[in-house]
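One-letter residues, chain by chain:
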Amino acid sequence: MQRLFKGGSVVSGSGAVRADLLVDGERVAAVGLDLTAPDAQVVDVSGALLFPGFLDAHTHFDLDVANTTTADDFASGSRSALRGGTTTVIDFACPNKGESLQHGLDLWHRKADGRAACDYGFHMTIDDWNDAIRRELPAMVDQGITSFKLYMTYPAMMVGDRDLFSALLALKELGCIAGVHCENSGVIDALIAQALAEGRTGPASHPACRPGPLEAEAVGRLLRMAQVADTPVVIVHLSAAESLAEVRAARARGQTVYVETCPHYLFLHEEVYRREPYTEAARFVCAPPLRPAADCDALTAALAHGEIQTVSTDHCSFTLAQKDMGRDDFTKIPGGLPGVESRGLLLYTLVAAGRITCGRMAQVLSENPAKLYGLWPRKGVLAPGSDADIVVYDPTADTVLTAAGQASRADYTPYEGFRAAGSIRSVYLRGQLAVDRGQVVAGPIGRYLHRGLPAL
């Protein structure tokens with residue numbers, strides 16, 4: 001079946017250009033002015049922006065963590081993603097310490113295969129480092145896993161500096177890349193112990209025990225290791241202005257560093273942790289925590305200037321009842337925020353406010369993650385031969401974000417009542433209408449994506 005989208009503007013990393021878009025089956029067939037196709041179904045998109053389907057390269061669906069399981073599994077999480085214009089997610093397969101990488105990959109396939117509404121791939125978490133894990137790496141690449149996650153905090157998942165450095169070297173040999181969660185675990189543990197001993201058990205202690213300088217210290221330490229290993233790395237969910245300074249210093253030394261941030265670090269401030277009652281503050285607990293407004297402004301400026309390559313969500317959803325697990329001890333609050341559904345709306349709000357360009361939005365939501373994670377040019381661009389993943393964005397009809405209006409199983413949104421600029425009129429996945437005016441109309445048609453090596 002052919003579809004001809006007429007009257008809109010096609011958006012790429014270079015900006016928005018008035019053009020028609022011809023889709024033949026699952027792929028883009030042509031892009032240009034005044035296209036004709038006698039047998040095509042004409043879709044009137046006059047005045048709309050046609051974005052390449054968004055990629056969210058940082059989600060956590062169906063994750064067992066903090067003695068509970070995330071509210072969203074692959075069925076609900078992927079439907080939520082599609083409603084927000086995200087046609088591809090890359091989730092984290094997370095074997096426990098002592099388990100093989102293959103065990104983790106098989107488990108995540110069982111969670112996702114046949115259930116996902118959008119296309120999907122996996123990163124692989126490395127929380128053990130030994131000869132057996134090292135020997136598994138080529139098999140991961142053969143199965144389409146070319147990016148890996150390492151933690152510098154959380155005892156159940158972190159590896160020490162020696163093993164982190166060794167893993168960087170091994171991944172470099174294969175042409176793969178590591179994304180690293182950077183926080184100084186030891187000092188955080190000391191601050192937590194002090195807070196609890198002093199009776200400071202509420203959510204306000206969360207940001208106090210994970211301050212920006214401890215993220216920056218870990219970022220700087222990682223980047224010095226990467227300098228010696230002579231390999232690029234990804235800083236995931238960067239939240240602090242101090243961390244940006246470490247990245248800039250590394251880039252000035254000639255290093256290649258990719259930076260990911262999240263919408264909540266651009267729009268939300270740490271003052272929310274002082275709200276009352278408890279549930280009004282606990283719902284915002286995530287790691288790294290939200291930062292002061294000055295950090296948000298610094299990250300938004302860095303985004304505008306191209307210093308940040310991707311904006312992902314770190315979607316890790318819990319209900320308010322689950323957040324209540326830490327009422328007497330903030331360290332027991334499951335950490336994470338829902339956000340896979342609102343990311344595109346929030347980023348376009350920055351476009352409408354003149355803080356970033358439309359092209360930059362396409363870069364950080366589509367083009368750059370597709371390149372960085374081995375999906376370009378199949379994903380991330382609307383060009384002949386690419387998958388016809390299309391977000392039809394109406395810049396004239398604003399959207400008010402509410403928990404009641406989302407597909408996520410989380411019973412709240414961090415952006416309740418926020419008026420976002422524009423709205424998502426429809427979403428197409430590989431040429432098939434998947435979302436029509438807010439309703440997910442496609443079934444679990446998502447496919448696993450066998451990813452190539454990074455090419456950003």
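Reading guide: rules and limits
Residues numbered from 1 in each chain as written. Predicted model: local features only at pLDDT ≥ 70, side-chain atom pairs only at ≥ 80, totals over all residues. Heavy atoms only, no water. Helix = DSSP H or I, 4+ residues; strand = E, 2+ residues; numbered from the N terminus. Expected span 1.5 Å × (residues − 1). Buried < 20%, exposed > 50% of the residue type's maximum accessible area, 1.4 Å probe, protein only. Arc of directions from axis to C-beta. Axes fitted to C-alpha atoms, helices over the stretch in contact; angles between N-to-C directions. Left-handed = near helix turned anticlockwise from the far one by under 90°. Contact = heavy atoms within 4.5 Å. Nonpolar A, V, L, I, M, F, W, Y, C, P; charged D, E, K, R; others polar. Salt bridge = Lys/Arg side-chain N within 4 Å of Asp/Glu carboxyl O. Parallel < 35°, antiparallel > 145°, perpendicular 65-115°, else oblique. Bend = angle between axes of the 7 residues up to and from the residue. Pairing = 2+ DSSP bridges.

Participant: Is there a simple way to explain helix α11 (residues 293-304) in this structure?
Facilitator: In an α-helix, one full turn covers 3.6 residues, which means residues spaced three or four apart are oriented alike. For α11, with twelve residues, the first-to-last C-alpha span of 17 Å sits near the 16 Å given by 1.5 Å per residue. Buried residues of α11: D295, C296, L299, T300, A302 and L303, and no others. Down the axis of α11, the smallest arc covering the buried residues is 160°, so these residues share one side. The first or second residue beyond α11 is G306, which carries a positive phi of 85°.

Participant: What's the story with the packing of helix α3 (residues 131-142) against helix α4 (residues 161-174) in this structure? I'm lost.
Facilitator: If you want to describe how two helices pack, look at the angle between their axes and the distance between the axes. The N-to-C vectors of α3 and α4 enclose an angle of 35°; their axes lie 11 Å apart at closest approach. Like other packed secondary-structure pairs, α3 and α4 cross with a definite hand, here right-handed. Packed against α3, whose contacting residues are R134, L137, P138 and V141, the element α4 presents S166, A170, L171 and L174 at the interface. In the contact of α3 with α4, the residues fall into six nonpolar, one polar and one charged.

Participant: I would appreciate a short explanation of the pattern of salt bridges in the present structure.
Facilitator: For side chains of opposite charge, pairing can occur when their charged atoms come near one another. Considering all chains together, one arrives at 30 salt bridges under this definition. With a closest N to O distance of 3.2 Å, R283 and E280 form a salt bridge. The class of E280 is partly exposed, set by a relative accessible area of 27%. Of the charged contacts, one joins K332 and D329 as a salt bridge, the two residues approaching to 2.9 Å between their closest N and O atoms. For K332, a relative accessible area of 49% puts it in the partly exposed group. The network of salt bridges with shared partners includes E26, R27, D119, R378, K379, D387, D389, R430 and R447.

Participant: How should I be thinking about the packing of helix α2 (residues 101-112) against α3 in this particular structure?
Facilitator: Relative orientation of the contacting elements α2 and α3 amounts to 40°, with a least axis distance of 9 Å. One way to sum up the angle between α2 and α3 is to call them oblique. Of the residues in α3, those touching α2 at L101, Q102 and L105 are I133, E136, L137 and M140. Split into classes, the residues belonging to the contact of α2 with α3 amount to five nonpolar, one polar and one charged.

Participant: Can you help me understand helix α14 (residues 358-372) in this one?
Facilitator: The end-to-end C-alpha separation of α14 is 20 Å, in line with the 21 Å expected for 15 residues at 1.5 Å each. In the structure, α14 departs most strongly from a straight axis at V364, where the bend amounts to approximately 45°. Along α14, 15 of the 15 residues are buried, which leaves the element largely enclosed by surrounding structure. Directly after α14, the chain includes G374, whose backbone phi takes a positive value near 70°.

Participant: Explain the sheet that holds strand β5 (residues 27-32) here, please?
Facilitator: In a beta sheet, neighbouring strands pair by backbone hydrogen bonds and run either parallel or antiparallel. Taken together, the four strands give an open sheet; going across it, the order is β5-β4-β1-β6, and neighbouring strands pair in mixed fashion. Looking at which strands have only one partner, the edges of the open sheet turn out to be β5 and β6 (41-44). Looking at each pair of strands side by side, their axes are set apart by 20° on average, direction ignored. Both strand β1 (residues 2-6) and β6 contribute to a ladder of four bridges, which runs parallel. Counterpart to L4 in the pairing with β6 is V42.

Participant: Hey, could you run me through the sheet that holds strand β13 (residues 147-151) in this one?
Facilitator: Sheet architecture is open: eight strands sit in the order β8-β11-β12-β13-β14-β15-β16-β17, paired in parallel fashion. Strands with a single pairing partner mark the edges of an open sheet, and in this sheet they are β8 (54-59) and β17 (310-311). On top of the sheet, α2 reaches β11 (86-93) and β12 (119-125); it is set at about 155° to β12, its chief contact.

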